Amino acid sequence: MRPPDRASERLTSTAAAIVVAAGSGERLGAGRPKAFVVVGGRPMVAWSLDAIAAAGIPRTVVAVPPGHGAAAEEALAAHADHFPLGLALVEGGATRSESVRNGLAAAPDAEAVLVHDAARPFAPSELFSATLAALHDADAAIAAARATDTIKEAGADGIVVRTLDRDRLWAIQTPQAFRATVLHRALEAGADVLAQATDDAWLVERAGGIVRVVESSPANFKVTTPHDLQVAESLLC
Ligand code: CTP
Ligand code: MG
């Protein structure tokens, strides 16, 4: 990872983080929104807020599940002091992209935006800084782990069509950093396109933008299933 220089320090001071925490966590099945499930003694989203504050990002917007605003505000009140330009809560949308869009609307003057899944409690603060710094020659810079398994493409009949070149394959994570104007434009796509987007960088790619990968570790995994939560708990306790 590149050490911070003056340009990336300037980018950091004008950046906002958008933490998407509005999903219901159906696959986890914990009976409450995943971002607010307790792991390592704290709501899951709290770990990301610590890393973002430690990276010196001055302002953060958290998209929370509709109807959970009051509970989220109480859970996150202790973090407000860590963001000199504020910690705002907005209502998320029906899809992840809509949650990002609602978050972006609450940070209209940011020059750079870091989008992060609350479901990734292990993203280190250096990764937020490194993705921002990598924006210097890209429209978006995204955390990614090198593929370690061999990946094959198979047809609907289960027959392998080809083996992909592993050296060129990356498993995409968050944080994802964007020039704010680029993300605004990408999110203007139609509702059908937004509903398909499992990450925001894809929206930039399809519009012809330059998206750079920033090497991360598989340790920055997304808590999706009850097994993932057990692993996270064992790592954080
Ligand atoms: N997310 C969001 N708004 C949505 C859907 C997802 O803010 N409408 C957020 C989630 O809170 C999570 C991240 O996007 O931090 C990644 O999504 P995912 O892991 O799919 O979380 P959930 O949608 O909550 O889980 P599931 O798909 O199992 O219901
Ligand atoms: Mg989901």
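Cut-offs applied
Residues numbered from 1 in each chain as written. Chains lettered and ligands numbered in written order. Predicted model: local features only at pLDDT ≥ 70, side-chain atom pairs only at ≥ 80, totals over all residues. Heavy atoms only, no water. Near = heavy atom within 4 Å. Polar contact = N/O pair within 3.5 Å; in protein donor to acceptor, adjacent residues only side chain to side chain. Areas by Shrake-Rupley, 256 points an atom, 1.4 Å probe, with all protein chains shown as cover. Nonpolar A, V, L, I, M, F, W, Y, C, P; charged D, E, K, R; others polar. Pairing = 2+ DSSP bridges. Helix = DSSP H or I, 4+ residues; strand = E, 2+ residues; numbered from the N terminus. Axes fitted to C-alpha atoms, helices over the stretch in contact; angles between N-to-C directions. Salt bridge = Lys/Arg side-chain N within 4 Å of Asp/Glu carboxyl O. Buried < 20%, exposed > 50% of the residue type's maximum accessible area, 1.4 Å probe, protein only. Core = buried A, V, L, I, M, F, W, Y, C linked by side-chain atoms within 4.5 Å. Contact = heavy atoms within 4.5 Å.

1. So, the site of ligand 1
Inspection of the region around ligand 1 gives 18 residues, with Val20, Glu26, Lys34, Ser99 and Lys222 positioned closest. A distance of 2.8 Å separates an oxygen atom of ligand 1 from a polar side-chain atom of lysine 34. One nitrogen or oxygen atom from the side chain of serine 99 is found 2.7 Å from a nitrogen atom belonging to ligand 1. The protein chains hide 86% of the 560 Å² of surface that ligand 1 would expose on its own. Looking at the shell around ligand 1, its residues break down into six nonpolar, six polar and six charged.

2. Focus on the sheet that holds strand S5 (residues 87-91)
Think of a sheet as strands paired side by side through backbone hydrogen bonds, with each pair either parallel or antiparallel. Read across the sheet, seven strands follow the order S5-S4-S1-S6-S10-S7-S11 without closing on themselves; strand pairing throughout is mixed. Each end of this open sheet is capped by a strand with a single partner; those strands are S5 and strand S11 (211-215). Taken pair by pair, the neighbouring strands of this sheet meet at an average axis angle of 25 degrees, ignoring direction. Sheet topology places strand S7 (residues 140-146) next to S11; five bridges connect them, and they run parallel. Its bridge partner being in S11, alanine 143 is matched across the sheet by valine 214.

3. Quick notes on unusual backbone geometry
Each neighbour pair has its own omega, and for threonine 174 with proline 175 the value is 15 degrees, a cis peptide bond. Relative to the helices and strands, proline 175 resides in strand S10 (residues 170-179).

4. Re the pattern of salt bridges
Oppositely charged side chains may form a pair once their charged atoms are brought near each other. In this structure the tally under the stated criterion is nine salt bridges. Across the salt bridge formed by arginine 59 and aspartate 109, the nearest N and O atoms sit 2.8 Å from each other. Of this pair, arginine 59 sits in strand S4 (residues 59-64) while aspartate 109 sits in the loop between helix H4 (96-105) and strand S6 (112-117), and the two are 50 residues apart along the sequence. With relative accessibility at 14%, the residue arginine 59 sits in the buried group. Relative accessible area serves as the criterion here: at 57%, aspartate 109 is assigned to the exposed category. One continuous salt-bridge network, built from bridges that share partners, spans Arg96, Asp117, Arg120 and Asp200.

5. Comments concerning the nonpolar core
Formed by 33 residues in total, the largest nonpolar core has its most connected members in Phe36, Val45, Leu49, Val62 and Leu132. Beyond its immediate chain neighbours, meaning those up to four positions away, valine 62 contacts Val19, Ala21, Val45, Leu49, Leu76, Leu87, Ala88, Leu89 and Val90. Within the second largest apolar cluster, 25 residues are counted, among which are Val20, Val90, Leu183 and Ala197.

6. Side note on the environment of leucine 89
Tracing the sequence through the fold places leucine 89 in strand S5. For leucine 89, a relative accessible area of 29% translates into the label partly exposed. Expressed as a C-alpha distance, the spacing of leucine 89 and isoleucine 18, which sit 71 residues apart in the sequence, is 9.8 Å. Other than its neighbours up to four places away in sequence, leucine 89 contacts Val62, Val64, Gly69, Ala72, Glu73 and Leu76.

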